[in-house]
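Coordinates in review
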Amino acid sequence: SSGINAEWPLRPGEHGQLVPRSVFADLEPTVCDEIRSGPIRAIFNPSQIVSGKEDASNCYARGYYTIGRDLIDEVMENIRKQAECCDCIQSFFVFHSFGGGTGSGFASLVLDNIAAEFSAKSRLACAVYPSPRISTAIVEPYNSVLLTHTSMENMDVVFLMDNEAMYQLCRARLKIERPSYINLNQLIAQVASTITCSLRFSGSLNVDLSEFQTNLVPFPRIHFPVTAFSPIRTPEQAYHESNSCRQITEQAFSKDNLFLKCNPSHGRYMACGLLYRGDLIPKEVNDAIADIKNKRTVQFVNWCPTGFKVGINHRLPVVVPGSDMAVTNRSLCVLSNNTAIGEAWHNLDLKFDKLWSKRAFVHWYVNECMEEGEFSEARENLAMLEQDYQSAFDMGRDEPDDTEF
């Protein structure tokens, strides 16, 4: 799926209702038909939902080179129409997965076209990254490496999350024995809502989308922050537990609240975005951040003296009706760029190497007009990305730490 966010993510309809400024795209109709006929179908304009008739079959090459080419013109025409309705486009916000054929191949094709046509506008994404132990496709490593390679120059910030981490959050925090994609989507919705909150509501410290790129990306290629959210708890827990600013900040920096399976303590933070929402005052936030800075588990690289970008919005958080999450009067979304994310890329590269060493499943990609040399190019690019993270860690570790906060 691909979505577009402009200066205002909702526009007024003819009868006074608010219509999301978005475009939904898929190469096969099943998922889009769920939106067209589902309980929230009245919210979306049907012309903004574009679907083809043939699936990408978990193959990046089908989404990028063959099947996707038949649908790209219609998708781009819809994106242009949405862009023309904006007074001033701020950025594009894309939601997609790494592992599938459409989420990797077709998303990469859409991003190529957006970058060519709207080169001056920033491009952000919420992307579902391959899980360490849970996979929906055998060729997921191929698709993920190829997508990362082709979209490296086309994306400014990519917020990573994986299904395994979110499944674990649902089981541990929300006590859901068998989480579904609906539960996972509700977690992602909380993050997306918080990131775009300052576009819709005023606050004492607003953060627009372009500021994420400026503050979270120290080097152009290291643009993959990991997300965390707090509080995540049931209504029963909310009744008995406090919800102080200090407490939700501490929870958000716990590895158990991350939306990606990695351990931040194995690396160092390069930058952190703290997006507070609800009944908060700046003094509470400053005190909570001061506590975090004093913790040995939260270590920053020595070359980043400040580390934190803070946003405060006074609009209370909301939950989806029927959600397992409790309604709360304050929340925090943390977007952190940590050198430990290099571990996730390393694990992905190991899976890729095992398949590529036997050239397994490569013929399916070659049959869809893709050259075999692209696999080697993509793998070299990912090796360079691993090295970029290692270099950032080494720079922060070797220099003397004489910074005073």
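Each remark here, short or long, concerns the structure printed above.
Right, let's walk through the structure included here.

The rules behind these values
- Residues numbered from 1 in each chain as written.
- Predicted model: local features only at pLDDT ≥ 70, side-chain atom pairs only at ≥ 80, totals over all residues.
- Heavy atoms only, no water.
- Helix = DSSP H or I, 4+ residues; strand = E, 2+ residues; numbered from the N terminus.
- Rg over C-alpha atoms; globule rule 2.2 N^0.38 Å.
- Buried < 20%, exposed > 50% of the residue type's maximum accessible area, 1.4 Å probe, protein only.
- Contact = heavy atoms within 4.5 Å.
- Lys, Arg positive; Asp, Glu negative; His and termini not counted.
- Salt bridge = Lys/Arg side-chain N within 4 Å of Asp/Glu carboxyl O.
- Axes fitted to C-alpha atoms, helices over the stretch in contact; angles between N-to-C directions.
- Parallel < 35°, antiparallel > 145°, perpendicular 65-115°, else oblique.
- Left-handed = near helix turned anticlockwise from the far one by under 90°.
- Expected span 1.5 Å × (residues − 1).
- Pairing = 2+ DSSP bridges.
- Right-handed = clockwise from strand over helix to strand, strands pointing away.

Scanning the protein chain from terminus to terminus reveals 14 helices and 11 strands. On C-alpha atoms alone, the protein chain measures out to a radius of gyration of 21 Å, which is about the 22 Å that the 2.2 N^0.38 rule sets for 405 residues. For the protein chain, the spread of C-alpha atoms along the three principal axes comes to 60 × 60 × 45 Å. Counting every position in the protein chain, which comprises 405 residues, the buried fraction comes to 56%. Expressed as a percentage of contacts within the protein chain between residues at least 6 apart in sequence, the contacts between residues at least 24 apart total 82%.

For E140, the position within the fold is in helix α4 (residues 140–151). For the buried E140, no salt bridge exists, and the shortest N-O distance to an oppositely charged side chain is 5.3 Å, to K351. Apart from the residues lying within four places of it in its own chain, the contact partners of E140 are G99, P130, S131, I134 and S135.

Structurally, F92 can be placed in strand β5 (residues 91–97). Looking at F92, the relative accessible area reads 0%, which means it is buried. Each C-alpha atom, one on F92 and one on Q299, is 32 Å from the other, the two residues being 207 residues apart in sequence.

Attention now goes to the pattern of salt bridges. For the structure shown, the criterion picks out 16 salt bridges. Across the salt bridge formed by E117 and R80, the nearest N and O atoms sit 2.4 Å from each other. Remark: R80 occurs in helix α2 (residues 60–84) and E117 occurs in helix α3 (residues 101–117); sequence separation between them is 37 residues. Notably, a salt bridge pairs R330 with D279, separated by 3.9 Å at the nearest N-O pair. Of this pair, R330 sits in strand β11 (residues 330–338) while D279 sits in the loop between β9 (269–278) and α11 (282–293), placing them 51 residues apart in sequence. By relative accessible area, which is 9% here, R330 ends up buried. D279 gets classed as partly exposed once you look at its relative accessible area, which sits at 46%. What you see here is one network of salt bridges that share partners, running through E54, R62 and E368.

Put simply, α2 and α3 touch, their axes get as near as 8 Å, and they point 45° apart. Overall, the two elements α2 and α3 adopt an arrangement that is oblique. For the pair α2 and α3, the sense of crossing is right-handed. The residues of α3 that touch α2, namely those facing Y60, G63, Y64, G68, R69, L71, I72, V75, M76, I79 and R80, are G101, S104, G105, F106, S108, L109, V110, D112, N113, I114 and E117.

Once that is clear, we can look at helix α6 (residues 181–195). Along its 15 residues, α6 runs 21 Å from first to last C-alpha, staying within 8% of the 21 Å computed at 1.5 Å per residue. Here α6 lies mainly inside the structure; 11 of its 15 residues are buried. Every buried residue of α6 is listed here: N183, L184, Q186, L187, I188, Q190, V191, A192, S193, T194 and I195.

Okay, the pairing of β9 next. Counting buried positions along β9 gives 10 out of 10 residues, so the element sits mostly inside the fold. Note that β9 and β11 share 9 bridges and pair antiparallel. Bridge pairing in β11 places L275 opposite C333. The sheet contact formed by β9 and strand β10 (residues 308–313) spans 6 bridges and is parallel. When the sheet's bridge partners are listed, G273 is paired in β10 with K309. The parallel pair β9 and β10 is bridged by α11, and the resulting crossover is right-handed.

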